[in-house]
Amino acid sequence: MLLSSVECVRKTSKWYKKIFFHLIDLSILNAFSAFKTVTGQNMPVANFQLEVIRQLLEKYGGNTVSPRGRPCTKDQPFRLSARHFPSDVKKLESGKVQRRKCIVCTRNNKRKDTMYMCQECDVGLCVTPCFAIYHTKQNYLDIQLF
């Protein structure tokens, strides 16, 4: 009965996928009952499920690399809440200064190379105003920069 309100039902014709998601739901429900027994805290199952998901994303949802070695282009959910600082782009072995494309300028159809980046997010960013825009705005597209 507890599981029916938070079950992540997937509409699929593959029976093994339904069983997989049901087992995930059962394991979260078992973890919730163990959490309640150990800590004595009373919270809804849905809130516990969201907290588990948030903690899993924090721990394992960092910068992912695709099979070809490129950084993931999907939006990173923690770029808005964590503390980030600008840093210089690493120099090449020859001592030349390397430059990267600013992601905010690029998404707004402007070509701008910069020698600064956010090391946590692994993206090139202009120090002003793009660094602040990228780390404070959920949707940084179509922002008038200049």
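Our subject in this report is the structure included herewith. Just so we're clear, the structure is a prediction, and the values are computed from it rather than from any experiment. (Residues numbered from 1 in each chain as written. Predicted model: local features only at pLDDT ≥ 70, side-chain atom pairs only at ≥ 80, totals over all residues. Heavy atoms only, no water.)

Topic: the pattern of salt bridges
The line we're drawing: The working definition used for a salt bridge is a side-chain nitrogen of Lys or Arg within 4 Å of a carboxyl oxygen of Asp or Glu. Working definition: helices are DSSP H or I runs of at least four residues, strands are E runs of at least two. Numbering for both runs from the N terminus. Accessible area is worked out with a 1.4 Å probe on protein chains only. A residue is then buried under 20% of its type maximum, exposed over 50%, and partly exposed in between.
All chains considered together, the criterion is met by 3 salt bridges. Between R100 and D122 there is a salt bridge whose closest N-O contact spans 3.2 Å. Of this pair, R100 sits in strand β2 (residues 100-101) while D122 sits in the loop between β4 (116-118) and β5 (123-124), placing them 22 residues apart in sequence. According to the relative accessible area criterion, R100 is partly exposed, its value standing at 23%.

Some points on helix α3 (residues 45-60)
Selection criterion: Multiply 1.5 Å by the residue count of a helix minus one, and that product is the helix's expected span. Working definition: the arc comes from the directions between the helix axis and the C-beta atoms, pointing outward to the latter.
In this model α3 runs 22 Å from its N-terminal to its C-terminal C-alpha over 16 residues, within 8% of the 22 Å that 1.5 Å per residue would give. Within α3 the residues assigned to the buried category are V45, F48 and Q49. The buried residues of α3 all sit within an arc of 100 degrees when viewed along its axis, so they share a single face.

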